[in-house]
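# Structural characterization, general
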Amino acid sequence: MEHLNKALTALFATLLLLAPLLMATDPDPLQDFCVADLNGKPSVNGYPCQPSSSAGDEFLFSTKIASGGDPLANPNGSNVTELDVNEWPGLNTLGVSMNRVDFAPGGTNPPHIHPRGTEVGMVTRGELLVGIIGTLDSGNRYYSKVVHAGETFVIPRGLMHFQFNVGKEPATMVVSFNSQNPGIIFVPLTLFGSSPPIPTPVLVKALRVDAEVVELLKSKFAGGY
């Protein structure tokens, strides 16, 4: 019992000594804003700050998503205009970002995942089928709804999802993330357009198709999106 008491006392003393170190990190901003120096190396919560003397008002405002790109410029029939910290340095350390996505009729934002952020979106024009696929915990349940202009949706962090323009007219949505750099993993591109490529036998076994099918799909994504 005496040895146990000594061990517990030593453990308690160690925790007391470590407490200031464990509490020393603060993920929240410690200044009004920290405009990113994109030439610097990112750390845990963002890029290093530019000197305040060189961070003008323009870094706190952006018109980048006031207009979108051409949704017919790629085979998906959609165009993403990103507004993360790399496009808007004023977002640095604030933990937020936005995207605008424009869709041609029949266009899709293919199945993808944001590994570092939850997504909240609003359809501003047209109507979009929004689909969300749960994890194995939910039995891979598929949730979906046609979302009309003025309506909103939420995508929990890390869940696969897509949007598809089911209308006859162009559609647009604006989304925001609780991350300044939420990241994106396009599922088809990841499987069939990785560099270097995933070995064909692995995909044959995983997808339960012939090698010819895998090679055909790889050829479709060789140039990316």
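Scoring rules and cut-offs
- Residues numbered from 1 in each chain as written.
- Predicted model: local features only at pLDDT ≥ 70, side-chain atom pairs only at ≥ 80, totals over all residues.
- Heavy atoms only, no water.
- Pairing = 2+ DSSP bridges.
- Helix = DSSP H or I, 4+ residues; strand = E, 2+ residues; numbered from the N terminus.
- Core = buried A, V, L, I, M, F, W, Y, C linked by side-chain atoms within 4.5 Å.
- Buried < 20%, exposed > 50% of the residue type's maximum accessible area, 1.4 Å probe, protein only.
- Contact = heavy atoms within 4.5 Å.
- Polar contact = N/O pair within 3.5 Å; in protein donor to acceptor, adjacent residues only side chain to side chain.
- Phe/Tyr/Trp six-rings, centres within 6.5 Å; stacked < 30°, edge-to-face > 60°.
- Salt bridge = Lys/Arg side-chain N within 4 Å of Asp/Glu carboxyl O.
- Axes fitted to C-alpha atoms, helices over the stretch in contact; angles between N-to-C directions.
- Parallel < 35°, antiparallel > 145°, perpendicular 65-115°, else oblique.
- Left-handed = near helix turned anticlockwise from the far one by under 90°.

Turning to the sheet that holds strand β5 (residues 127–133), a few remarks are in order. On the basis of which strands lie adjacent, the open sheet formed by five strands has the order β6-β5-β8-β3-β10 and antiparallel pairing. Each edge of the open sheet carries a strand with a single partner, namely β6 (142–148) and β10 (185–186). In this structure, β5 lies alongside β6, joined through seven bridges in antiparallel fashion. Within β6, the residue paired with Glu127 across the bridge is His148.

This part takes up the nonpolar core. Counting 14 residues, the largest nonpolar core has Phe103, Leu128, Phe153 and Met173 as its most contacted members. Sorting elements by how many residues they give to this core places strand β9 (residues 171–177) first, with four residues. With residues up to four places along the chain from it excluded, the contact list for Phe103 reads Pro71, Gly77, Ser78, Thr108, Asn109, Leu128, Gln163, Asn165, Pro170, Ala171 and Met173.

Looking at where Asn74 falls in the secondary structure, it is placed in the loop between α1 (2–22) and β1 (78–83). Polar side-chain contacts of Asn74 include one of 2.5 Å to the backbone oxygen of Ser78.

Okay, the packing of aromatic side chains next. Counted under the stated rule, the structure contains two aromatic pairs. Pairing Tyr142 with Phe162 gives two aromatic rings, centres 6.2 Å apart and planes at 15 degrees, and the pair type is stacked. Residue Tyr142 is located in strand β6, and its partner Phe162 is located in strand β8 (residues 160–165); the two are separated by 20 residues in the primary sequence. Seen from their ring centres, Phe192 and Phe221 are 6.2 Å apart, and the 25 degrees between their planes marks the pair as stacked. Remark: Phe221 occurs in the segment after α4 (211–220) and Phe192 occurs in helix α2 (residues 187–192); sequence separation between them is 29 residues.

Let us now look at the pattern of salt bridges. Overall, the coordinates contain three salt bridges when judged by the stated rule. For Glu87, the salt bridge identified is with Lys64, shortest N-O distance 3.6 Å. Here Lys64 lies in the loop between α1 and β1 and Glu87 lies in the loop between β1 and β2 (97–103), a separation of 23 residues in the sequence. A relative accessible area of 39% means that Glu87 is categorised as partly exposed. We classify Lys64 as partly exposed; its relative accessible area is 36%. The residue Arg100 makes a salt bridge to Asp102 at a minimum N-O spacing of 2.9 Å. Taken together, the shared-partner salt bridges connect Arg100, Asp102 and Arg125 into one network.

At a minimum axis distance of 9 Å, the contact between helix α3 (residues 200–207) and α4 shows a crossing angle of 110 degrees. By the angle between their axes, α3 is roughly perpendicular relative to α4. Where α3 crosses over α4, the two elements pack in a sense that is right-handed. Note on element contacts: α4 touches α3 through Ala211, Val214, Glu215 and Lys218, opposite Thr200, Leu203 and Val204.

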